[in-house]
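As a plain string of letters, each chain reads:
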Amino acid sequence: MISLAQSAHKFARQILHIAPVMLWRKLVPKTELGFCYHIVSDCPVPHIKHYRVLNTATFESDLDYLHGRFEFITYGQLVQRRASTNRIRDNSVILTFDDGFAECATVVAPLLRRHGLSCVFFVITNLIDNQVIFRESAASLCIEAIVQMPFEQVESIAAELALGTRLRPTPGAALPEPTTLPLEVADLGPELDPRLLPLLHWLLQLSASEEGLVGRLLARLGVDSRSYLQKAQPYLTTEQIRQLHADGFVIGAHSCSHRRLQDLPRADAEHEIVESCRIIRNITGQTTVPFAFPYFGGGLDRSWLAQLREQHDFIGLFFDTDGLREDEPFVVQRIFGERFSRDRTLDAILRRAWARRSAWPRRGRP
Ligand SMILES: [Zn+2]
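What you see is a predicted model; the values in this text were computed from it and never measured.

About the criteria used
Each chain has its residues counted from 1, running along the sequence as written. Since the coordinates come from a predicted model, pLDDT governs what is reported: local features require at least 70, and pairs of side-chain atoms require 80 or more to be given and counted, while whole-chain, interface and lining totals use all residues. The side-chain figures draw on all heavy atoms in the structure; neither hydrogens nor water molecules are used. Secondary structure follows DSSP: runs of H or I at least 4 residues long count as helices, runs of E at least 2 residues long count as strands, and numbering of each begins at the N terminus. Atoms counted for the radius of gyration: C-alpha only. Globule rule: 2.2 Å times the number of residues to the power 0.38. Each residue gets one of three labels from its accessible area relative to the maximum for its type: buried under 20%, exposed over 50%, partly exposed in between, using a 1.4 Å probe on protein chains only. Here, a salt bridge means any Lys or Arg side-chain nitrogen found within 4 Å of an Asp or Glu carboxyl oxygen. What fixes the domain bounds is an automatic or database domain assignment. By the convention used here, residues are in contact when the closest approach between their heavy atoms is within 4.5 Å. Summed over both partners, the accessible area lost on bringing two parts together, with a 1.4 Å probe, is the buried area. Axis definition: a line fitted to C-alpha atoms, limited for helices to the stretch in contact. Angles are taken between N-to-C directions and run from 0 to 180 degrees. What makes a crossing left-handed is the near helix being turned counterclockwise from the far one by less than a right angle; a clockwise turn instead makes it right-handed. By the convention adopted, Pro, Cys, Tyr, Trp, Phe, Met, Ile, Leu, Val and Ala count as nonpolar, Lys, Arg, Asp and Glu as charged, and the other residues, Gly among them, as polar. Coordination partners: N, O, S within 2.8 Å of the metal, 3.2 Å for Na, K and Ca; water not considered, so apparent gaps in a site are possible. Here, patches come from residues exposed beyond 30% relative accessible area and free of salt bridges, joined within 9 Å for like charges and within 5 Å for nonpolar side chains (Val, Leu, Ile, Met, Phe, Trp, Tyr). With residues, only the protein chains shown are counted as cover, and all accessible areas are computed by Shrake-Rupley using a 1.4 Å probe. Polar contacts here mean pairs of N or O atoms no more than 3.5 Å apart (in protein, one a potential hydrogen donor and the other a potential acceptor; neighbouring residues in sequence count only if both atoms are side-chain atoms). Criterion for a disulfide: a pair of cysteine sulfur atoms within 2.5 Å. Here the aromatic set is Phe, Tyr and Trp, taking the six-membered ring for Trp, and pairing holds for ring centres within 6.5 Å; pairs whose planes are under 30 degrees apart are stacked, those over 60 apart are edge-to-face, and all others are tilted. Arc, as used here, means the arc of the directions from the helix axis to the C-beta atoms.

K.L.:
How would you sum up the overall build of the protein? Please name residues and give values.
P.N.:
Scanning the protein from N- to C-terminus turns up 15 helices and 8 strands. Its C-alpha atoms give the protein a radius of gyration of 21 Å, within 12% of the compact-globule value 21 Å for 366 residues. When its C-alpha atoms are laid out on the principal axes, the protein stretches across 65 × 60 × 40 Å. The proportion of buried residues among the 366 residues of the protein is 51%.

Below is the structure:
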């Protein structure tokens, strides 16, 4: 039974969620509002099922929304602000894109240039020049192939690769609903055979250790990842990165292999940060390279991160994805611009982020 305290808490949260952005920006002003996007495209993107692909109209409406309410700042301005002891809190917007998809160069950059806006593009360095397929892309291509196959064929392939258990829900657990994350994000349509849901759910939440397995599944499903990479060129090339930098955009690193740094031994996590920043510095000639944590940076020791920046002066600010959380001066938090939850507008996403207790300044902080 829900207690009175729980009901009161829920009610208070609902009230906070409907408080308008105009109120939040005055009551809880932020140094900056960081936004994290992945891809914008008006064409179908078969290698992306893990997040909702925004079309150009939606992204432009986000820009219009932000333009009417806030100032935009560049990465350089943000660095200055973060270095200052007297922090300006005027809710300025910094735009960023993670994962380094080719659309950053072909769709996003031209659109931002038309709006006179700057941005940081965070690149997974192993993917530069399309030599290997990202495991999330491989999983998405598996899903594309699976949903077009008769169930019995999928069943036989899964059995062959000892993946039969992935077709059965975990004992005791309910069958995943097509409306729950991440299946809702993948938007697999009403025709989907519900017997596929456990397998698709697994593919959408694949861990880094299952990379080899998903590669074998992709090949067995008849998808040649090499020719897909050559034809689709899903990730940025060295040349595109150089051009983006020449056009005034900042290029950041997003690790070498996009594994959760929290799961790696400290030395490997350090390598992911330092090497990816070094690679981006060598391509662009930037003196410093900002770094965005793969997935999220919660649980990573901030004093260790500070030490890394001291040891390697080319590591710029760190970027995380915990909404509007207050963090160290060298860690910039960001809100996902994609519509992951029931919030369908940027206004709703912002209100929800501002309503979280972690967004409010802690006592004694500038
Ligand atoms: Zn990422």
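K.L.:
Run through the pattern of salt bridges, naming residues and quoting values.
P.N.:
On inspection of all chains with the given rule, the structure shows 20 salt bridges. Put simply, Asp62 and Arg339 hold a salt bridge, and the shortest N to O gap is 2.7 Å. Taken together, the positions of Asp62 in helix 3 (residues 56-67) and Arg339 in the loop between strand 8 (334-336) and helix 15 (346-355) put the pair 277 residues apart, joining distant regions of the chain. Given the relative accessible area of 2%, Asp62 is considered buried.

K.L.:
Tell me about the domain arrangement of the protein, and name the residues and values.
P.N.:
Each assigned domain of the protein is listed here: domain 1 (21-130 + 233-359) and domain 2 (135-231). Between domain 1 and domain 2, the C-alpha centre-to-centre distance is 29 Å. Between domain 1 and domain 2, the residue contacts involve 17 residues of the former and 21 residues of the latter. Both sides together, the interface formed by domain 1 and domain 2 hides about 1,700 Å², and carbon and sulfur atoms give 48% of it.

K.L.:
How would you explain the packing of helix 3 against helix 5 (residues 103-114) if you had to name every residue and give the values?
P.N.:
Helix 5 packs onto helix 3 with a crossing angle of 40° between their chain directions and a minimal axis gap of 12 Å. Read as a crossing pair, helix 3 and helix 5 show a hand that is right-handed. Counted together, Thr56, Phe59, Glu60 and Leu63 of helix 3 and Val107, Val108, Leu111, Leu112 and Arg114 of helix 5 form the full contact between these two elements. For the contact of helix 3 with helix 5, the residue count by class is 6 nonpolar, 1 polar and 2 charged.

K.L.:
How would you sum up the environment of Cys36? Please name residues and give values.
P.N.:
The residue Cys36 is located in strand 1 (residues 32-37) in this model. Along the primary structure Cys36 and Ile349 are separated by 313 residues, whereas in three dimensions their C-alpha atoms are 12 Å apart. Setting aside anything within four residues of it in sequence, one finds Cys36 in contact with Thr96, Asp98, Thr321, Arg334, Ile335, Phe336, Gly337 and Glu338.

K.L.:
Describe the coordination of the zinc ion, with residues and values.
P.N.:
Listed as protein donors to the zinc ion are Asp99 (OD), His254 (NE2) and His258 (NE2); their distances from the metal cover 2.1 Å. Donor residues for the zinc ion, ordered by position in the chain, follow D-x154-H-x3-H. For His254, a relative accessible area of 1% puts it in the buried group.

K.L.:
Requested: an account of a nonpolar patch on the surface, with residues and values cited.
P.N.:
Taken together, the side chains of Phe11, Ile15 and Ile18 make up a nonpolar region of the molecular surface, amounting to roughly 330 Å² of accessible area. Mapped onto the elements, Ile15 comes out in helix 1 (residues 4-18).

K.L.:
For the side chain of Ser92, give the residues involved together with the corresponding values.
P.N.:
Positionally, Ser92 belongs in strand 2 (residues 92-97). You can call Ser92 buried: its relative accessible area is 1%. Among the polar contacts listed, one links the side chain of Ser92 to the side chain of Asp90, at a separation of 2.9 Å. In this structure Ser92 touches Thr31, Glu32, Leu33, Glu71, Ile73 and Arg81, once residues within four positions along its chain are discounted.

K.L.:
I'd like a rundown of the state of the cysteines, residues and numbers included.
P.N.:
Throughout the structure, instances matching the rule amount to 0 disulfides. Free of any disulfide, Cys104 has its nearest neighbouring cysteine sulfur in Cys119, separated by 7.2 Å.

K.L.:
Go over the packing of aromatic side chains with me, naming the residues and quoting the values.
P.N.:
Scanning the entire structure with this criterion turns up 14 aromatic pairs. With centroids separated by 6.5 Å and ring planes inclined at 70°, the aromatic side chains of Tyr51 and Phe101 adopt a geometry described as edge-to-face. Taken as a pair, Tyr51 in the loop between strand 1 and helix 3 and Phe101 in the loop between strand 2 and helix 5 lie far apart in primary sequence, 50 residues in all. You'll find Tyr51 and Phe101 in the same group, each marked buried.

K.L.:
Go over unusual backbone geometry with me, naming the residues and quoting the values.
P.N.:
Backbone geometry at Asn130 places phi at a positive 60°, although glycine is not the residue there. Inspection of the secondary structure assignment puts Asn130 in the loop between strand 3 (120-123) and helix 6 (135-146). Note on Asn130: relative accessible area 5%, which makes it buried. If you check the backbone angles, Tyr295 has positive phi at about 65° while not being a glycine. Here Tyr295 is to be found in the loop between strand 5 (289-292) and helix 14 (302-311). On the basis of relative accessible area, Tyr295 is assigned to the partly exposed category, the value being 30%.

K.L.:
If you had to explain helix 7 (residues 151-160) to someone new, which residues and values would you point to?
P.N.:
Inspection of helix 7 places Phe151, Val154, Ile157 and Ala158 among the buried residues, and these make up the whole buried set. Angular distribution of buried residues about the axis of helix 7 spans 125°; they occupy a single face of the element. On its buried face, helix 7 sits against helix 6, helix 9 (197-204) and helix 10 (211-220). At the exit of helix 7 stands Ala162, carrying a positive phi of roughly 55°.

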